[in-house]
Amino acid sequence: MATGGGPGPRSTTTTTSTTPPGSPLSPAWRGSGQPVTMAFGGDVHFEGVLAARLQSDPATALDGTVATLVQGAQISMANFDSALTAGTCPDPQTKQYVWFAPPTAITAFHSANLSLVTEANTHGEDCGVPGLQQAIAAADAAKFPVIGIGTAAAQAFAPYRVTLDGQRIAILSATQVFDPTTLQPTWSATASQPGVASAVDPHDLVAAVQAARRTSDTVIVYLTWGTETQSCPNPQQGPLAAALVAAGADIVIGSSAHVQQGSGYLGQALVSYNLGNLAFYDSAPPEDYSGTLVVTATGRHVDSFSWRPALISGGLPQPLTGADATSAVQRWQGLRSCTNLTATPRPSLATAKTQTSVAAALATPAPPANTTTTTAHATTTTVHATTTTVHATTTTVHQATSTTAKKKS
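Calculation criteria
- Residues numbered from 1 in each chain as written.
- Predicted model: local features only at pLDDT ≥ 70, side-chain atom pairs only at ≥ 80, totals over all residues.
- Heavy atoms only, no water.
- Helix = DSSP H or I, 4+ residues; strand = E, 2+ residues; numbered from the N terminus.
- Buried < 20%, exposed > 50% of the residue type's maximum accessible area, 1.4 Å probe, protein only.
- Areas by Shrake-Rupley, 256 points an atom, 1.4 Å probe, with all protein chains shown as cover.
- Contact = heavy atoms within 4.5 Å.
- Expected span 1.5 Å × (residues − 1).
- Arc of directions from axis to C-beta.
- Disulfide = S-S within 2.5 Å.
- Pairing = 2+ DSSP bridges.
- Axes fitted to C-alpha atoms, helices over the stretch in contact; angles between N-to-C directions.
- Parallel < 35°, antiparallel > 145°, perpendicular 65-115°, else oblique.
- Left-handed = near helix turned anticlockwise from the far one by under 90°.
- Nonpolar A, V, L, I, M, F, W, Y, C, P; charged D, E, K, R; others polar.
- Core = buried A, V, L, I, M, F, W, Y, C linked by side-chain atoms within 4.5 Å.

**Q** Would you mind going over the overall build of the protein with me for this structure?
**A** In terms of regular secondary structure, the protein is built from ten helices and 18 strands. When each of the 409 residues of the protein is scored for burial, the buried share is 58%. Carbon and sulfur atoms make up 54% of the accessible area of the protein, which amounts to about 14100 Å² in all.

**Q** Where do I start with helix 7 (residues 203–213) in this structure?
**A** Within an α-helix, residues lying three or four positions from one another point in the same direction, as the helix has 3.6 residues per turn. Counting buried positions along helix 7 gives ten out of eleven residues, so the element sits mostly inside the fold. For helix 7, the set of buried residues is H203, L205, V206, A207, A208, V209, Q210, A211, A212 and R213. Looking at the buried side of helix 7, the elements it contacts are strand 8 (160–164), strand 9 (167–175), strand 11 (218–224), helix 8 (237–247) and helix 10 (358–362).

**Q** Just to check I follow, could you spell out helix 9 (residues 322–334) for this structure?
**A** Counted at 1.5 Å a residue, the expected span for helix 9 with its 13 residues is 18 Å, and the 19 Å between its end C-alpha atoms agrees. Of all the positions in helix 9, only A325, A328, V329, W332 and Q333 are classed as buried. Summarising the axial view, the buried residues of helix 9 lie within an arc of 135°, below the 170-degree limit, and thus occupy one face. Set apart from the buried face of helix 9 by more than 90 degrees, the exposed residues are A323, D324 and Q330.

**Q** Where do I start with the state of the cysteines in this structure?
**A** Covalent bonding between the sulfur atoms of two cysteines is what defines a disulfide. Within this structure, the stated rule accounts for two disulfides. There is a disulfide in this structure between C232 and C338, and the S-S distance comes to 2.0 Å. Looking along the S-S bond of the C232-C338 disulfide, the torsion reads about -105°, which is the left-handed sense. In this pair, C232 sits in the loop between strand 11 and helix 8 while C338 sits in the loop between helix 9 and helix 10, placing the two residues 106 residues apart along the sequence. With a relative accessible area of 33%, C232 lands in the partly exposed category. Look at the protein and number its bonded cysteines as they come in the sequence; the links are 1-2, 3-4.

**Q** Looking at this structure, I do not really get the sheet that holds strand 13 (residues 260–266). What am I missing?
**A** Pairing between the strands of a sheet comes from backbone hydrogen bonds, and it takes one of two forms, parallel or antiparallel. One open sheet accounts for six strands, arranged 8-9-11-12-14-13; its pairing is mixed. In this open sheet, the two edge strands, each paired with only one partner strand, are strand 8 and strand 13. On average, each strand axis in the sheet is tilted by 15° relative to the strand beside it, whichever way the strands run. Sitting on the sheet, helix 7 touches strand 8, strand 9 and strand 11, and the angle it makes with strand 11 is about 160°.

**Q** So what exactly am I meant to see when it comes to the pairing of strand 2 (residues 75–80) here?
**A** Within a regular strand, the side chains alternate between the two sheet faces. Most of strand 2 sits inside the fold, with six of its six residues counted as buried. Residues of strand 2 alternate between two faces, with I75, M77 and N79 on one and S76, A78 and F80 on the opposite face, all of them buried. The sheet contact formed by strand 1 (residues 36–44) and strand 2 spans five bridges and is parallel. Each residue of the ladder has a partner; that of M38, found in strand 2, is I75. Pairing geometry for strand 2 and strand 5 (residues 116–118), over three bridges, is parallel. When the sheet's bridge partners are listed, M77 is paired in strand 5 with L116.

**Q** What should I look at first to understand unusual backbone geometry in this one?
**A** The general pattern is negative phi for most residues beyond glycine and trans for most peptide bonds. Residue P180 is bonded to the preceding D179 through a cis peptide linkage, with omega at 0°. Turning to its location among the elements, P180 is positioned in the loop between strand 9 and helix 6 (184–187). In this chain, P285 is followed by P286 through a cis amide linkage whose omega measures 0°. Topologically, P286 is positioned in the loop between strand 15 (277–279) and strand 16 (289–298). Its identity is not glycine, yet K143 carries a phi of approximately 55°, on the positive side. You can see K143 is positioned in the loop between helix 4 (128–142) and strand 6 (146–147). The exposure class assigned to K143 is exposed, which follows from its relative accessible area of 71%.

**Q** I keep staring at the packing of helix 7 against helix 8 and nothing clicks. Help me out?
**A** In a packed pair of helices, the relevant descriptors are the angle between the two axes and the axis-to-axis distance. Here helix 7 crosses helix 8 at 25°, and the two axes come no closer than 8 Å. Classified by the angle their axes make, helix 7 and helix 8 are roughly parallel. Of the two possible hands of crossing, helix 7 and helix 8 adopt the one that is right-handed. In contact with L205, V206, V209, Q210 and R213 of helix 7, helix 8 contributes A243, L244 and A247. Among the residues forming the contact of helix 7 with helix 8, the class breakdown is six nonpolar, one polar and one charged.

**Q** How should I be thinking about the nonpolar core in this particular structure?
**A** In terms of nonpolar packing, the biggest core is built from 38 residues, with F46, L62, F80, A105 and F109 touching the most fellow members. Looking at this core, the elements with two or more residues in it are strand 1, helix 1 (49–56), helix 2 (65–69), strand 2, helix 3 (104–111), helix 4 and strand 15. Examining the composition of this core, we find that five residues originate from one element, helix 4, more than from any other. Within the second largest apolar cluster, 36 residues are counted, among which are A199, A208, L244 and A246.

**Q** What is the right way to look at the pairing of strand 16 in this model?
**A** Across the ten residues of strand 16, nine count as buried, placing the element largely inside the fold. Where strand 1 meets strand 16, six bridges bridge the pair, whose relative direction is antiparallel. Of the residues in strand 16, the one forming a bridge with T37 is T296. Where strand 16 and strand 17 (residues 301–313) come together, ten bridges link them in antiparallel fashion. Looking at strand 17, one finds that Y289 is bridged to L311. With antiparallel pairing between neighbouring strands as the criterion, strand 16 and strand 17 make up a hairpin whose turn holds two residues, including G299 at a positive phi of roughly 60°.

Interpretation in functional terms is not warranted from these geometric data alone.
Right, dumping it as structure tokens:
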């Protein structure tokens with residue numbers, strides 16, 4: 001599991017009115033001065049044809065296409081939209097879709113060059129507390145980071161930490177969505193209850209971001225949020241993004257809507273509201289639009305970001321090239337038109353007060369949504385990869401509840 005401390009104290013006072021120079025709290029902070037390149041993908045599960053691929057050969061379950069889409073990144077991440085268990089589902093929850101996968105899923109992630117995944121989502125505790133405990137044990141045994149879950153809130157909100165080229169990177173994760181909502185009380189990690197990191201009440205997540213900010217050069221938050229199949233952010237996403245950026249997050253990434261939503265700057269921070277599906281059984285547009293967001297950052301400065309487009313076929317993202325890639329990137333850029341994001345950086349929303357006072361961060365207003373389409377300033381990276389044909393012929397469903405219908409969380 002990830003290492004690091006849990007949320008900070010519930011203090012709402014601050015003793016300084018200016019940002020300390022030469023401190024990670026300074027929006028101009030660049031850490032070691034070395035750029036770090038990261039890649040982020042959306043939802044991954046092992047249902048349908050992907051279940052058959054995982055059972056046949058975990059090392060090739062995600063083929064080479066995910067690895068191609070994260071190529072060149074020093075760290076890469078996706079949303080594991082599933083429970084991770086020892087092989088069965090010990091306590092299937094009362095919900096429409098119950099998904100789980102065996103520990104061989106970790107082998108698939110390794111082979112796809114994913115550095116870590118989050119399970120702070122609508123399926124992370126599909127198999128109850130026993131299943132969650134199995135996930136933690138499997139991740140510990142494999143020494144593979146699965147974040148956003150824990151035996152208590154301190155572990156669920158703890159960031160994954162890694163140092164790359166002298167840059168201290170911290171990645172946190174949480175969910176703003178529970179499906180059904182009645183599961184929120186029993187699924188949310190507390191001081192004494194195992195579960196997933198919840199951002200429905202954002203207090204603990206904001207405090208955890210502020211704690212990470214003090215000892216990190218780049219702070220990233222990966223969220224489950226948004227309304228399924230809706231390409232514009234819902235009313236809950238903008239305020240949470242603003243609070244996290246004010247608290248000190250440099251990059252905010254979202255997933256779980258199963259479609260792409262807009263990306264751009266909120267102040268000087270980068271926000272990507274939804275990445276859509278990465279490897280998933282959805283096969284019709286816009287849910288089959290896939291790809292990865294590649295970001296290069298030097299400390300708190302986002303140097304560039306670009307979209308590597310793909311199209312899901314047979315459950316796997318097939319990287320696009322040529323005119324298809326150009327069209328997909330233009331479509332992705334156009335999604336910013338209904339967000340509160342801009343194509344170029346603006347003054348930082350983070351101040352000394354918002355980075356040390358939870359109340360101040362939560363009070364930061366979200367900018368109004370755009371009314372016109374803008375174009376990303378960053379250079380788009382096109383992945384030159386050939387299409388891979390999927391040869392799976394049988395499907396094994398790794399869950400206790402049938403999922404013959406189309407999944408919506």
